[in-house]
Amino acid sequence: MFLIAGLGNPGQEYQKTRHNIGFMVLDNLASTEGFSFEENRPFKAHIAKVNLHGQSVLVLKPQTYMNLSGQAVAGAANFYKIPPQNILVICDDLSLDLGTLRLRQKGSSGGQKGLENIITLLGTDNVLRLRLGIGPRPEFIDARNYVLGKFPKAQEEILNSAIDKACKAINKLLKEGFTPAQQFANTK
């Protein structure tokens, strides 16, 4: 079984913010693959149990705030006995330009607090991560205000293209494995 977690903050006020790009990817995936999310209070998440490309997949949007995303991810992973290497975390990355994707098998959180909490609570950095660039951040805006800001209209086309590419990378990961998915995702 795979667990795919898209990170974001719950609540209307955070919809369409840069920090919620993980939610946006999963909402797009749900729309194209024809599934919907249900509230799961024990996991503190909205979840969907689906079969995608012959794989059993738990799709999860944590409903804690970003910095506590590990509560939902680790709770679901422990309950379903999903090994860390079968967990894909989708999150924003300030250090990547808007439209750039990076798929990696393991490594540090790179300062992304939700991913950091997941690594801490799972006790390993051996989790797949698909980072979507939201940068560059203008020098006059602090990081917190930038990630909690909404994408301007002028960036919608690049944003939608990146979300679409992320969904294709997820499908490629499930169908063909990590290396073809990484080559696809990481190519400009």
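Residues numbered from 1 in each chain as written. Predicted model: local features only at pLDDT ≥ 70, side-chain atom pairs only at ≥ 80, totals over all residues. Heavy atoms only, no water.

**Considerations on the pattern of salt bridges**
Item 1. Taken as a whole and assessed by the stated rule, the structure comprises six salt bridges.
Item 2. A salt bridge links K153 to E156; the shortest N-O distance between them is 3.6 Å.
Item 3. Note on K153: relative accessible area 67%, which makes it exposed.
Item 4. Given the relative accessible area of 34%, E156 is considered partly exposed. (Salt bridge = Lys/Arg side-chain N within 4 Å of Asp/Glu carboxyl O. Buried < 20%, exposed > 50% of the residue type's maximum accessible area, 1.4 Å probe, protein only.)

**Comments concerning the packing of helix α5 (residues 156–176) against helix α6 (residues 178–186)**
Item 1. For the pair α5 and α6, the least separation of the axes is 7 Å and the interaxial angle reads 160 degrees. In this view, α5 runs roughly antiparallel relative to α6, as classed from their interaxial angle. Between α5 and α6 lies a crossing whose hand is right-handed. Between α5 and α6, the residues in contact are K165, K168, A169, K172, L173 and E176 and F178, P180, A181, F184 and A185, respectively.
Item 2. Of the residues assigned to the contact of α5 with α6, the class counts are seven nonpolar, no polar and four charged. (Axes fitted to C-alpha atoms, helices over the stretch in contact; angles between N-to-C directions. Helix = DSSP H or I, 4+ residues; strand = E, 2+ residues; numbered from the N terminus. Parallel < 35°, antiparallel > 145°, perpendicular 65-115°, else oblique. Left-handed = near helix turned anticlockwise from the far one by under 90°. Contact = heavy atoms within 4.5 Å. Nonpolar A, V, L, I, M, F, W, Y, C, P; charged D, E, K, R; others polar.)

**Remarks on the nonpolar core**
Item 1. Counting residues in each nonpolar core, the largest one holds 39 residues, and the members touching the most others are L88, I90, L130, L132 and I170.
Item 2. Take this core: its biggest share by element is nine residues, from α5.
Item 3. If we ignore the near neighbours within four places in the chain, the residues touching I90 are I4, A5, G6, L7, G22, V25, L26, L130, L132 and I170.
Item 4. Among the nonpolar cores identified, the runner-up in size contains 23 residues, and I47, L58, A74 and A77 belong to it. (Core = buried A, V, L, I, M, F, W, Y, C linked by side-chain atoms within 4.5 Å.)

**Overview of α6**
Item 1. Turning to α6, its buried residues are F178, A181, A185 and N186. Angularly, the buried residues of α6 cover 110 degrees about the axis, an arc narrow enough to put them on a single face.
Item 2. Where the residues of α6 are buried, they touch β6 (101–104), β7 (128–135) and α5. (Arc of directions from axis to C-beta.)

**Concerning the packing of aromatic side chains**
Item 1. This structure, assessed with the given rule, holds five aromatic pairs.
Item 2. By the ring-pair criterion, three or more aromatic residues cluster together here, those being F43, F79 and Y80.
Item 3. The ring of F151 is capped by R18, whose NZ or CZ atom sits 5.7 Å from the centre of that ring.
Item 4. Seen from the ring of F184, K165 lies directly overhead, with NZ or CZ sitting 5.6 Å from the centre. (Phe/Tyr/Trp six-rings, centres within 6.5 Å; stacked < 30°, edge-to-face > 60°. Lys NZ or Arg CZ within 6 Å of the ring centre and 35° of its normal.)

**Concerning the sheet that holds β6**
Item 1. Strand order in the open sheet formed by seven strands is β2-β3-β4-β1-β5-β7-β6, and the pairing between neighbours is mixed. Sheet topology places β2 (38–40) and β6 at the edges, where each strand pairs with a single neighbour. Recorded for the sheet is a direction-independent mean angle of 30 degrees between the axes of neighbouring strands.
Item 2. Relative to strand β5 (residues 87–97), strand β1 (residues 2–6) is paired through four bridges, and the arrangement is parallel. Bridging from a neighbouring strand, L3 pairs with I87 of β5.
Item 3. Across the sheet, helix α1 (residues 21–33) lies against β1, β3 (45–52), β4 (55–62), β5 and β7, angled at about 140 degrees from β4, the strand it touches most.
Item 4. Most of the contacts of α6 go to β6, to which it runs at about 160 degrees, and overall it touches β6 and β7. (Pairing = 2+ DSSP bridges.)

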